[in-house]
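So the chains spell out like this:
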Amino acid sequence: MITPAFELTQDPDFLTIIIKVPYARASEFDVYFEGEDFKFYAKPYFLRLTLPGRIVEDGREKASYNTDKGTFTIWLPKEIPGQYFEGLDMLTSLLAPKKSRSAKPLVEEIAASAELSEEEEEEFDWEIEQTPYKESAEGTQPLEYCYGFGNLRSGVFQRLQDELSDVIDIKDPDQTPVDERRRKRLAAEAAKFEPDHYLADFFEDEAIQHVLKYKPWWVDAHKKMIALQGESHREHDTRTFVVLSEEERKQLRKFTNKSYLLDKRSRHHVYLGLIDILLAYCYEICVNEGDKNVESSWNIRKLSATLCWLESFASMHDVLVSFGRRVLCYPLHRHFGLVTRAFNDTVMILQLGKAAVLKCLLDIHKIFMESDPAYILNDLFITDYCIWIQKIKSKKLAALSESLQKTTLAKSHIGFELEELEAAAVLVQEEESMLKAAGTVSKQQLPSSESETSDSEESSGTSSSETEGSDSDERESSTSEDGKINSLQGMLQEERTAPLIDCNGLRHGTNTSTFEVSDEKSKVSLQSPTLPGKLVEELEKQMHAAIRLSEQPEGLATASCILQEPEENCVSEPDRFSEDTTGKGNFLEVSSETNPLLFLRSINEDED
């Protein structure tokens, strides 16, 4: 038989059941309902439901079949008109068979029933009773320690050593007691905390403020619920605010119904573990703005000590402290505002009821299922949570949300001296701002001092202009002499910049050998390393024999000869050395012998 897809809705008078049976024979189907039992059969489909309220057969019941969609729609009247049927979204619970009332139940079922009745009668005390720690003898220690949902599993990681390091942080959990796990977790968090990273996110929080503006689906649903509760005190169906998708319904149909034997301490751990997992999930949804990525699985399991360290918490405050420490140690965004945001979101989800919590758990289940190593956590925790949450009373979640809302978490509780770090960083910022302000003032003073110096220069320039007026006559008298000297210097400068030409009329390059000739003593300075030694000595002798200085006019001190090696493709300028057109310079007379060196004249203009 095939279990068909189905959906339940309600109004004050009727319970509506929509059953999808494609390719079924609509002419042959059977429907049976009485009290809390409902059965439907249309080959090859069979559906049996245990309803949360009683229905009655009084002639108002009806059914219809849509051939295009292949769906049966059945309207069943309520035995008590106006009664609210709770948990119509909890498909796994609805599919569970009704317990036999005639046969004697098993011992486990009796214990479970006793525990459930006790749980429903008494108010749940969220502060669990604690006993002093006592060291036990080595011989009495169990071989394996428990973990998982309700601490019902053990020995799992002995068979999955290869997957261990990728899923949880604790080594050898089967041989590590709970107290030791907690000590190792706190030590690992203290070693991982980075003050620089925290302060960077504290002061440069533009990205964090952006993600804090994101509103997930439960924010709008919570607003609608609060608005309707303000209008009427009647209990409203949470399906108005929380709707499971078809994919989520398909997930629920795949779960196998289970019964959990939990004592009071185990139930307490389960509730607190649920808070821890929801906090990590809310952080993930906030920072990624509802989008899933490859880091989503890592974020959820890393921020939840229940999943990552197999932690069993003793109080609500311990859950918040653990979550706050891990947010400030591991993810990319490490800001206390994200801790507060996840705290508020978790309160909203719990206030929306079981449907909202189940929707979040199904999303976590899907994320872990798509991550290769994290699927183990579904087997250890999430699948059991998805089945268990459908069976608990809504008032328990309401009490849990109230207890969470009353619990406070401050930065001083985290244990990383956050307030001291922030105060020290603020002082450093103030000092830096004071230094910048002082530097700005000093830079503003510099232009004022420069303006004062410029004013003094202007005043001195004014006084000097008066003295220049008195000397103007003397300058005019020397103008004619200066004109002659300047013309002579211009000719000499022109000759200096002229191309270098050897005795054969060829232009030379820049690698030169220089000879300086003065009126007192002729000096030869050979700088070219390319000429052989004998050739240099011979050239030096020829220079002393060939160079003859003409008479120097007054005011000129020296004449120099510049020697340069010849280059290829040079231009000949022989006339420069053969004529004396001005009679105002010193000329070199070149001997008739062929000389590869170039001689030019230059005038020393240093004398006044």
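Looking up the protein chain in an unreviewed UniProt entry gives the name Protein SHQ1 homolog, with the organism given as Accipiter nisus. As stated in UniProt under Sequence similarities (unreviewed entry), the record for the protein chain gives "Belongs to the SHQ1 family."

1. Some remarks on the overall build of the protein chain
Looking only at helices and strands, the protein chain features 21 helices and nine strands. Counting all 608 residues of the protein chain, 40% fall into the buried class. For the protein chain, the share of sequence-separated contacts (at least 6 apart) that also reach a separation of at least 24 residues comes to 74%. Only carbon and sulfur atoms are counted for the fraction: they give 50% of the accessible area of the protein chain, which is about 34000 Å².

2. Here's the deal with the pattern of salt bridges
On inspection of all chains with the given rule, the structure shows 22 salt bridges. A salt bridge links glutamate 246 to arginine 253; the nearest nitrogen and oxygen atoms lie 3.5 Å apart. We classify glutamate 246 as partly exposed; its relative accessible area is 40%. One network of salt bridges, in which partners are shared, links Asp169, Asp179, Arg182, Arg185, Glu189, Lys302, Glu311, Arg325 and Arg326.

3. Description of helix 10 (residues 264-287)
Relative to the 34 Å expected for 24 residues at 1.5 Å per residue, helix 10 spans 36 Å between its end C-alpha atoms, a close match to the ideal helical length. The buried count for helix 10 comes to 22 of 24 residues, which makes it a mostly enclosed element. At the exit of helix 10 stands glutamate 289, carrying a positive phi of roughly 55°.

4. So, helix 9 (residues 246-254)
Along helix 9, the residues classified as buried are Glu248, Arg249, Gln251 and Leu252. The buried residues of helix 9 all sit within an arc of 155° when viewed along its axis, so they share a single face.

5. Some details on the packing of aromatic side chains
Scanning all chains against the criterion turns up 15 aromatic pairs. Ring centres 6.2 Å apart and planes at 50° place the aromatic pair phenylalanine 193 and tyrosine 198 in the tilted group. On the accessibility criterion, phenylalanine 193 (12% relative accessible area) is buried. Above the face of the tryptophan 75 ring, lysine 62 is positioned so that its terminal group lies 5.0 Å from the ring centre. Between lysine 78 and the ring centre of phenylalanine 85, over which it is positioned, the NZ or CZ distance is 4.8 Å.

6. Regarding the sheet that holds strand 6 (residues 71-77)
Spatially, the four strands line up as an open sheet ordered 1-2-6-5, and their pairing is antiparallel. Each having just a single partner strand, strand 1 (5-10) and strand 5 (62-66) make up the two edges of the open sheet. Adjacent strand axes in the sheet meet at a mean angle of 15°, parallel and antiparallel pairs treated alike. Where strand 1 lies against strand 2 (residues 14-20), six bridges are found, and the strand directions are antiparallel.

7. Let's talk about the nonpolar core
In terms of nonpolar packing, the biggest core is built from 106 residues, with Ile19, Phe38, Trp218 and Trp388 touching the most fellow members. Per-element accounting of this core gives the leading share, 15 residues, to helix 10. Other than its neighbours up to four places away in sequence, isoleucine 19 contacts Pro4, Ala5, Phe6, Phe38, Phe40, Leu47, Gly70, Thr71, Phe72 and Ile74. Formed by 11 residues, the second largest nonpolar core is a distinct cluster that contains Phe193, Leu199, Tyr330 and Leu418.

8. Section: the pairing of strand 5
Bridge analysis of strand 5 against strand 6 gives five bridges, and the strand direction is antiparallel. Bridge pairing links lysine 62 to tryptophan 75 in strand 6. If you look at the hairpin formed by strand 5 and strand 6, you'll find four residues sitting between the two strands, and glycine 70 has a positive phi there, around 70°.

9. Thoughts on the side chain of aspartate 276
Residue position: aspartate 276 is located in helix 10. Salt bridges are absent for the buried aspartate 276, whose nearest opposite-charge side chain, arginine 326, sits at 7.2 Å. Engagement of the side chain of aspartate 276 in a polar contact is seen with the backbone nitrogen of alanine 305, the distance being 3.1 Å.

10. Section: the packing of helix 10 against helix 11 (residues 296-303)
How two helices pack is summed up by the angle between their axes together with the distance between the axes. Across the interface, helix 10 lies against helix 11 with an axial gap of 8 Å and an inter-helix angle of 145°. Where helix 10 crosses over helix 11, the handedness of that crossing is right-handed. Residues Asp276, Ala280, Tyr281, Tyr283 and Glu284 of helix 10 form the contact with helix 11, whose own contacting residues are Ser296, Asn299, Ile300 and Leu303. Of the residues that constitute the contact of helix 10 with helix 11, the class distribution is five nonpolar, two polar and two charged.

11. Structural notes on the side chain of arginine 185
By the secondary structure assignment, arginine 185 is in helix 5 (residues 178-192). Side chain to side chain, arginine 185 and glutamate 311 meet in a polar contact 3.0 Å long. With residues near it in sequence (within four places) discarded, arginine 185 still touches Ala305, Trp309, Glu311, Phe313, Ser322 and Arg326.

12. Let's talk about empty space enclosed by the protein
Considering all chains together, one arrives at three cavities of 30 Å³ or more under this definition. Here the largest cavity is characterised by a volume of approximately 100 Å³. The wall of the largest cavity is formed by 14 residues, among which Gly148, Gly150, His269, Glu311 and Phe381 lie closest to the centre. Of the residues that constitute the lining of the largest cavity, the class distribution is six nonpolar, seven polar and one charged.

13. Observations regarding unusual backbone geometry
In this structure, proline 44 follows lysine 43 across a cis peptide bond, with omega equal to 10°. Secondary-structure assignment places proline 44 in the loop between strand 3 (30-42) and strand 4 (45-55). Notably, asparagine 151 is not glycine yet its phi reads approximately 55°, a positive angle. Inspection of the secondary structure assignment puts asparagine 151 in the loop between helix 2 (107-121) and helix 3 (156-159). At glutamate 417, a residue that is not glycine, the phi angle is positive and equals roughly 55°. Within the secondary structure, glutamate 417 sits in the loop between helix 18 (411-414) and helix 19 (418-477). The class for glutamate 417 is exposed, based on a relative accessible area of 57%.

Calculation rules
Residues numbered from 1 in each chain as written. Predicted model: local features only at pLDDT ≥ 70, side-chain atom pairs only at ≥ 80, totals over all residues. Heavy atoms only, no water. UniProt positions renumbered as here; feature names shortened; annotations may be inferred. Helix = DSSP H or I, 4+ residues; strand = E, 2+ residues; numbered from the N terminus. Buried < 20%, exposed > 50% of the residue type's maximum accessible area, 1.4 Å probe, protein only. Contact = heavy atoms within 4.5 Å. Areas by Shrake-Rupley, 256 points an atom, 1.4 Å probe, with all protein chains shown as cover. Salt bridge = Lys/Arg side-chain N within 4 Å of Asp/Glu carboxyl O. Expected span 1.5 Å × (residues − 1). Arc of directions from axis to C-beta. Phe/Tyr/Trp six-rings, centres within 6.5 Å; stacked < 30°, edge-to-face > 60°. Lys NZ or Arg CZ within 6 Å of the ring centre and 35° of its normal. Pairing = 2+ DSSP bridges. Axes fitted to C-alpha atoms, helices over the stretch in contact; angles between N-to-C directions. Core = buried A, V, L, I, M, F, W, Y, C linked by side-chain atoms within 4.5 Å. Lys, Arg positive; Asp, Glu negative; His and termini not counted. Polar contact = N/O pair within 3.5 Å; in protein donor to acceptor, adjacent residues only side chain to side chain. Left-handed = near helix turned anticlockwise from the far one by under 90°. Nonpolar A, V, L, I, M, F, W, Y, C, P; charged D, E, K, R; others polar. 1 Å grid on protein atoms, 1.4 Å probe; cavity = no way out; pocket = protein on both sides within 12 Å on 5 of 7 lines; lining within 4 Å. Points joined across faces, edges and corners; volume = space filled by probe spheres on them.

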